[in-house]
Amino acid sequence: KILIVDFGSQVTQLIARRVREEGVYSEIVPFQKAEAAFAEMKPKAVILSGGPASVLDADAPKAPMAILQAGVPVLGICYGEQTMAAQLGGTVEGGHHREFGRATIEITDDCALFDGVWQKGGQYDVWMSHGDRVTKLPEGFRGVAKAAGSPIAVIADDSRKFYAMQFHPEVVHTPDGAKILRNFVRKVAGLTGDWTMRAFREEAVEKIRAQVGQGKVICGLSGGVDSAVAAVLIHEAIGDQLTCVFVDHGLLRKDEGKSVVDLFRHHYNIPLVHVDAADTFLGALKGVTDPEQKRKIIGKLFIDVFDAEAKVVGGADFLAQGTLYPDVIESVSFTGGPSVTIKSHHNVGGLPERMNMKLVEPLRELFKDEVRALGRELGLPDVFVGRHPFPGPGLAIRCPGEITSEKLEILRNADAIYIDQIRKAGLYDTIWQAFAVLLPVKTVGVMGDGRTYEYVVGLRAVTSTDGMTADFYAFDMNFLGATATRIINEVKGVNRVVYDITSKPPGTIEWE
Ligand code: XMP
C-alpha cells in the first residue's frame with residue numbers, strides 16, 4: 001500500500017490512479033489527517049502531492065515529521081518537494097521565474113527514479129506548475145536534474161530513499177511521468193504490484209459476505225455501469241439474498257431499459273423488479289422548464305418510487321450503492337468557504353437517510369476506470385461496461401424547455417443514430433461522452449418540394465478525463481455531414497442539425 005498525502009493539488013487523484021495502474025493499492029488523505037492515517041494504514045511508501053500553498057507562508061501545511069522519520073520511502077511532488085526540502089533543513093525561495101506548463105529538465109546525475117527512462121545529460125519534457133523552488137539542498141540530498149527556472153529540479157537521498165521533484169509526473173503532459181512513478185513504486189519501494197481486479201473481486205466478495213451475513217440486500221439500478229457492477233458483485237457474494245429494483249423513469253436512451261432487464265434477468269439470473277414509472281415522472285414534469293427544478297422533481301420522485309417498491313419487496317436490511325472513490329475522498333480545503341453549486345447532481349442522494357438501512361458500498365475504493373475493469377472481470381459485456389456516462393435525470397436535461405413524450409421519442413431516435421455513427425467510425429472509446437440534444441425551437445426547411453417547420457437537434461461530443469473540464473471533439477466535417485443527413489432523413493420531426501463546439505469551461509457538458 002502507498003499513502004498519498006494531499007496538499008490540495010487539482011491532480012492528486014491522478015497520482016493515486018497511476019500508482020494503482022502499477023498494481024499497488026493507494027489511498028489519498030488530506031495533510032491534516034496524514035499522521036493518523038499513516039499510523040493506521042502502515043503504508044510501504046508515501047507520496048506528498050502538490051498544492052497551491054507556499055512553504056514561505058507562516059502557516060504553510062507540513063508533512064508529519066513522523067512520516068519523514070519512519071524509514072519508509074517518500075516521494076515529494078512540487079509542493080511536496082518544497083515542504084520536504086524545507087522540513088529537512090534545505091532552503092526554498094520564492095521563484096523569480098514562475099514556471100507554469102511545459103518545461104524542459106536536464107538530467108545532471110543518475111538516480112533510481114530515472115533507471116531505464118532518462119539518461120544523464122539528456123533533456124526531457126515535463127509539466128511544471130510552481131512559483132517557489134529549492135535553492136539549498138537539505139542534508140544528505142544531491143541534485144539530479146535542473147530546469148531553467150529551478151537549478152535543483154529533482155533531489156535524491158538514496159540512503160533514506162527520499163526523492164522529490166519540481167515537476168508533475170502524474171499528468172499526461174509529462175510524457176515519461178508514468179515510468180518515473182513506476183520506478184518509485186517498483187524499484188525504490190520494492191512493491192510488486194499484486195493488486196489486480198481479480199484480487200479485488202475475491203476480497204470484495206469476502207467482505208460483502210462478512211458484512212451482510214444472512215441479511216437481505218436491496219440494490220437500485222439506474223441503467224449505469226456503477227450500480228450494475230455493484231449488483232453483479234454483490235450477487236456473486238450472496239446470491240438471491242439480493243434483490244435489484246430498476247426504476248425506469250422513462251428518460252432513458254433508446255432500448256436502454258430493455259438491455260438492463262435482459263442483462264440482469266436473463267444473462268445473470270439476478271432477481272429484478274422492473275418498475276415502469278414513465279407516466280408518473282412525465283406527469284410530474286409537465287410544464288416544468290427550469291433545469292434545477294427538473295432535477296429536484298426527478299430526484300425526489302425517484303426516492304419515493306424506490307422506497308415504495310422496497311416496501312413491497314419487504315424486509316431488506318441493507319441498501320447497496322455504487323458509490324465510487326472520488327465521492328469518498330475528503331478534499332483539502334484551505335478556505336473552508338462554500339463553493340457555488342453549478343448543478344445539483346442527483347444520485348439517489350437522499351435514499352440512505354430516508355430508508356434507515358445499513359449501506360453496502362463495495363466500490364467505494366475504486367475509480368471509474370477500475371469499476372469498468374471490474375465489470376469486465378465479472379463478465380459484463382464490453383458495450384455495457386464501456387458506455388459513456390449518463391446523468392441521473394437522463395434525457396430530461398437534454399430536452400431544454402418542456403418535456404413531452406413526443407420530444408423524447410425524437411430525441412431518442414436522433415441520439416441512437418448519432419451513437420451508431422460514432423461506433424461505426426470507431427470513435428466511441430476515444431470520446432468521453434457524446435449525445436444528442438433536442439432544442440425547443442422549430443426552424444424552416446425544404447424537403448422534396450415542400451416547406452418544413454420542424455425541430456433542431458444539437459450534437460455534443462467531448463473529450464475529458466473526469467468530466468470536470470472538457471474539450472469539444474473535432475470530428476471530420478464529412479462525418480458530421482453524413483450524420484446530419486441520416487438524422488434528418490430517418491427521424492421524423494427534425495429538419496436541422498447543429499454541432500456544439502463549446503469547451504468546459506465556459507460551457508458545461510450537458511446543456512442543462
Ligand atoms: P456538466 O454538465 O456539469 O456534467 O458539465 C459533468 C458530468 O456530470 C454529468 N451530469 C450529471 N450526472 N446527475 C448525474 O448523475 C446530474 O444531474 C448530472 N448533470 C450532469 C454529465 O453527464 C457529465 O458526465
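Residues numbered from 1 in each chain as written. Predicted model: local features only at pLDDT ≥ 70, side-chain atom pairs only at ≥ 80, totals over all residues.

- Looking at an unreviewed UniProt entry, one finds the protein named GMP synthase [glutamine-hydrolyzing] and attributed to Rhodopseudomonas pseudopalustris.
- On record in UniProt, under Subunit (unreviewed entry), the comment for the protein is "Homodimer."
- Check the Pathway (unreviewed entry) section of the UniProt entry for the protein; it says "Purine metabolism; GMP biosynthesis; GMP from XMP (L-Gln route): step 1/1." (UniProt positions renumbered as here; feature names shortened; annotations may be inferred.)

**Brief notes about the sheet that holds strand β12 (residues 272-276)**
Then comes step 1: What the five strands build is an open sheet, ordered β12-β11-β10-β13-β14; its pairing is parallel. Sheet topology places β12 and β14 (358-360) at the edges, where each strand pairs with a single neighbour. On average, each strand axis in the sheet is inclined to that of its neighbour by 25°, with strand direction left out of account.
Then comes step 2: One ladder, built from three bridges, connects strand β10 (residues 217-221) with strand β13 (residues 318-320); its direction is parallel. Within β13, the residue paired with Val217 across the bridge is Phe318.
Then comes step 3: The sheet strands contacting helix α7 (residues 225-238) are β10, β11 (242-248), β13 and β14, and the helix crosses β10 at an angle near 155°. (Pairing = 2+ DSSP bridges. Helix = DSSP H or I, 4+ residues; strand = E, 2+ residues; numbered from the N terminus. Axes fitted to C-alpha atoms, helices over the stretch in contact; angles between N-to-C directions. Contact = placed C-beta atoms within 7 Å.)

**Here's the deal with the domain arrangement of the protein**
Then comes step 1: Here the protein is partitioned into domain 1 (2-188), domain 2 (197-385) and domain 3 (405-499).
Then comes step 2: Each of domain 1 and domain 2 has a C-alpha centre, and these two points are 38 Å apart.
Then comes step 3: Domain 1 puts nine residues into the contact, and the matching count from domain 2 is seven residues.
Then comes step 4: Residue assignment for the side of domain 1 that touches domain 2 shows that the elements contributing at least two residues are α1 (12-21) and β2 (26-30).
Then comes step 5: With three residues, the single largest contributor to the side of domain 1 that touches domain 2 is α1. (Domains from an automatic or database assignment.)

**Details of the environment of Asp327**
Then comes step 1: Tracing the backbone through its elements, the reader meets Asp327 in helix α11 (residues 325-328).
Then comes step 2: When the C-alpha atoms of Asp327 and Ile180 are compared, they prove to be 28 Å apart, with 147 residues separating the residues in sequence.

**Points about the pairing of strand β9 (residues 162-165)**
Then comes step 1: The side-chain alternation of β9 yields two buried faces, one formed by Phe162 and Ala164 and the other by Tyr163 and Met165.
Then comes step 2: For strand β4 (residues 74-77) and β9, the ladder comprises four bridges, and the chain directions are parallel. Its bridge partner lying in β9, Leu75 is registered against Tyr163.
Then comes step 3: One ladder, built from four bridges, connects strand β8 (residues 154-157) with β9; its direction is antiparallel. Paired with Val154 across the strands is Met165, a residue of β9.
Then comes step 4: Adjacent in sequence and paired antiparallel, β8 and β9 are bridged by four residues, among which Lys161 carries a positive phi angle near 60°. (Buried ≥ 20, exposed ≤ 12 C-beta atoms within 10 Å, placed from the backbone.)

**A closer look at the packing of helix α9 (residues 278-285) against helix α10 (residues 291-313)**
Then comes step 1: The contact between α9 and α10 brings their axes to 10 Å, and the two run at 145°. Remark: the crossing between α9 and α10 carries right-handed chirality. Residues Thr280, Phe281, Ala284 and Leu285 of α9 pack against Lys294, Ile297, Ile298, Leu301 and Val305 of α10.
Then comes step 2: Of the residues belonging to the contact of α9 with α10, the class tally is seven nonpolar, one polar and one charged. (Left-handed = near helix turned anticlockwise from the far one by under 90°. Nonpolar A, V, L, I, M, F, W, Y, C, P; charged D, E, K, R; others polar.)

**Considering the nonpolar core**
Then comes step 1: Core analysis: the biggest nonpolar cluster contains 80 residues, and Val217, Ala231 and Ile234 have the highest contact counts within it.
Then comes step 2: Split by domain, this core shows at least three residues from each of two domains, domain 2 (197-385) and domain 3 (405-499).
Then comes step 3: Those residues in contact with Ala231 that lie beyond four places of it in its chain are Cys219, Leu221, Leu242, Cys244, Ile270 and Ala320.
Then comes step 4: Membership of the second largest hydrophobic core comes to 66 residues, among which are Ile4, Ala45, Val92 and Leu191. (Core = buried A, V, L, I, M, F, W, Y, C linked by C-beta atoms within 7 Å.)

**Some words on the environment of Ile303**
Then comes step 1: Mapped onto the elements, Ile303 comes out in helix α10.
Then comes step 2: Since 20 C-beta atoms lie within 10 Å of it, Ile303 is described here as buried.
Then comes step 3: Spatially, the C-alpha atom of Ile303 lies 22 Å from that of Gly215, the residues being 88 residues apart in sequence.

**With respect to the confidence of the model for the protein**
Then comes step 1: Here the protein averages 93 in pLDDT, while 96% of its residues score no lower than 70.
Then comes step 2: Across the interfaces of the predicted complex, the ipTM metric reaches 0.99, alongside a pTM of 0.85. (pLDDT = per-residue confidence, 0-100.)

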